[in-house]
Amino acid sequence: MAATPVLGRVLSAMVTPMHPDGSLDLDAAARLASHLVDAGHDGLVVSGTTGESPTTTDAEKVRLLEAVVDAVGDRAVVVAGVGTNNTAHSVETAHAAAATGVDGLLVVTPYYNKPPQAGLVAHFTAVADATDLPVMLYDIPGRSGIAIAKDTYLEVAKHPNIVAVKDARADLWLASQLMEATDLLWYSGDDAMNLAHFVNGATGFVGVTSQTSPAAYRQMADAVLDGRWEDARTVHRALIPLVEAVMTVTQGAIMAKAALALQGIIPSPTVRLPLVEADPSQTAMLAARLDLTH
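Residues numbered from 1 in each chain as written. Predicted model: local features only at pLDDT ≥ 70, side-chain atom pairs only at ≥ 80, totals over all residues. Heavy atoms only, no water.

Can you help me understand the UniProt feature "site: Part of a proton relay during catalysis" (unreviewed entry) in the protein chain in this one?
According to UniProt, the "site: Part of a proton relay during catalysis" (unreviewed entry) feature falls on T49 and Y112. Across 64 residues of sequence, these annotated residues stay compact in space, with a maximum C-alpha separation of 14.5 Å. Looking at where T49 falls in the secondary structure, it is placed in the loop between β2 (43-46) and α2 (58-72). In this structure T49 comes out as partly exposed when scored by relative accessible area, which is 24%. Residues in contact with T49, not counting those within four places in the same chain, are R143 and Q251. By the secondary structure assignment, Y112 is in the loop between β4 (104-108) and α4 (117-130). Among the residues examined, Y112 registers a relative accessible area of 75% and is labelled exposed. (UniProt positions renumbered as here; feature names shortened; annotations may be inferred. Helix = DSSP H or I, 4+ residues; strand = E, 2+ residues; numbered from the N terminus. Buried < 20%, exposed > 50% of the residue type's maximum accessible area, 1.4 Å probe, protein only. Contact = heavy atoms within 4.5 Å.)

Here's what the structure looks like:
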């Protein structure tokens, strides 16, 4: 593992705090970013799916990035989610993000329109060409409807700006093959798979639950770096109830916001439709499981 990977090692796909009326709460976003960095995060992904990127406007995304960069940009890596299913729009979003001073870009596989693999190569290349920033690809076929093929990875890995992958497809063998065949930095994009990816040689993770228990996730990563695998397993297993609550009960952004609100880290669990807030039974279950991780 690199001692100081260019895009960090312990990252969260940060939620986007909102006021009860659904407007952005930029002060809360800055406080959340500072809280995560203070607790050991060395990177944040802003405006990923967990940040409700499908329902925030381009102007809101810029304001959010500016707030986070201003709060922690001198202490942590800030990665902007810029991927859409429209290549031209993704390029425009990449330009706008770069102007805010972010350190990298997250580019998800285009969703819903299911392009062929040649289209994926062209899409990723166009966004990577748009700026000089390092790019992390996001492979999540469960959401996008299409996976990045091995040959596509081998092709786009030649691009000097495409440096990393957020892997949410749970195929450790393919990850092994690609880490062996390329210089791409591998990041777990699935909270349940973080330790497995570390064992497989991953650089780090981009988590969701990690923002609700940041110190524990830092401890797990540090244990891995130190070769203390039993300690890493102990943390991993202690987090099982929380990961199940945040990632399997309903949509992750819903439960992450509910957890952060319960902890008093953000003022409101408000999400934008078509997401809806956690119901009372979900919130009560989450509260009980949060206690298990303290």
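Sorry if this is basic, but what is going on with the packing of helix α9 (residues 214-225) against helix α10 (residues 229-238) here?
For any two helices packed against each other, one specifies the inter-axial angle together with the distance between the axes. The N-to-C vectors of α9 and α10 enclose an angle of 155 degrees; their axes lie 8 Å apart at closest approach. In this view, α9 runs roughly antiparallel relative to α10, as classed from their interaxial angle. In this structure, α9 crosses over α10, and the sense of that crossing is left-handed. Of the residues in α10, those in contact with A216, Q219, M220, A223 and V224 of α9 are W229, D231, A232, V235 and H236. Looking at the contact of α9 with α10, its residues break down into seven nonpolar, two polar and one charged. (Axes fitted to C-alpha atoms, helices over the stretch in contact; angles between N-to-C directions. Parallel < 35°, antiparallel > 145°, perpendicular 65-115°, else oblique. Left-handed = near helix turned anticlockwise from the far one by under 90°. Nonpolar A, V, L, I, M, F, W, Y, C, P; charged D, E, K, R; others polar.)

I keep staring at the UniProt feature "active site" (unreviewed entry) in the protein chain and nothing clicks. Help me out?
Taking the UniProt record as the reference, the feature "active site" (unreviewed entry) is found at Y138 and K166. For the residues just named, distributed over 29 residues, the greatest C-alpha separation is only 4.7 Å, placing them together at one site. When you line up the elements, Y138 lands in strand β5 (residues 135-139). Using a relative accessible area of 8% as the deciding quantity, one classes Y138 as buried. Non-local contacts of Y138, meaning those with residues more than four positions away in its chain, are made with L106, V107, V108, T109, K166 and A168. Tracing the backbone through its elements, the reader meets K166 in strand β6 (residues 162-167). Its relative accessible area of 5% is what places K166 among the buried residues. Setting aside chain neighbours within four positions, we find K166 in contact with A13, L106, M136, L137, Y138, D139, Y187, G189 and V206. Side-chain polar atoms of K166 contact the side chain of Y138, separated by 3.4 Å. (Polar contact = N/O pair within 3.5 Å; in protein donor to acceptor, adjacent residues only side chain to side chain.)

Can you help me understand the sheet that holds β4 in this one?
Each strand in a sheet pairs with another by means of backbone hydrogen bonds, the pair being arranged parallel or else antiparallel. Read around the barrel, eight strands follow the order β1-β2-β3-β4-β5-β6-β7-β8 and close on themselves; strand pairing throughout is parallel. Direction aside, neighbouring strands of the sheet carry axes that sit 25 degrees apart on average. Here β2 runs beside strand β3 (residues 77-81); their pairing, made up of four bridges, is parallel. Note that in β3 the partner of G43 across the bridge is V77. Against the sheet, α4 makes contact with β4, β5 and β6, and its axis sits at roughly 160 degrees relative to β4, the strand it touches most. (Pairing = 2+ DSSP bridges.)

Teacher, can you tell me more about unusual backbone geometry here?
Across residues other than glycine, the phi torsion is negative in most instances, and most of the peptide bonds are trans. Residues L273 and P274 are joined by a peptide bond in cis, for which omega reads 15 degrees. In this fold, P274 is placed in the loop between α12 (252-262) and α13 (280-292). Phi at Y112 takes a positive value of approximately 70 degrees, unusual for a residue other than glycine. The backbone of A170 shows a phi angle near 60 degrees, a positive value even though the residue is not glycine. Following the sequence through the fold, A170 ends up in the loop between β6 and α7 (172-181). Take A170: its relative accessible area is 45%, and that puts it in the partly exposed class.

I tried to follow the pattern of salt bridges on my own but got confused; where do I start?
Any two side chains of opposite charge can pair, given that their charged atoms come close. Taken as a whole, this structure holds eleven salt bridges when the rule is applied. With its nearest N and O atoms 3.2 Å apart, the salt bridge here joins R218 to D42. With a gap of 176 residues between them, R218 in helix α9 and D42 in the loop between α1 (26-38) and β2 connect regions that are remote in the sequence. Its relative accessible area of 15% is what places R218 among the buried residues. For D42, a relative accessible area of 24% puts it in the partly exposed group. Where salt bridges share partners, they join D42, R218 and D222 into one cluster. (Salt bridge = Lys/Arg side-chain N within 4 Å of Asp/Glu carboxyl O.)

What is the right way to look at the pairing of β6 in this model?
β6 sits mainly inside the fold: six of its six residues count as buried. Of the crossover connections in this fold, the one passing from β6 over α7 to the parallel strand β7 (residues 185-188) is right-handed. (Right-handed = clockwise from strand over helix to strand, strands pointing away.)

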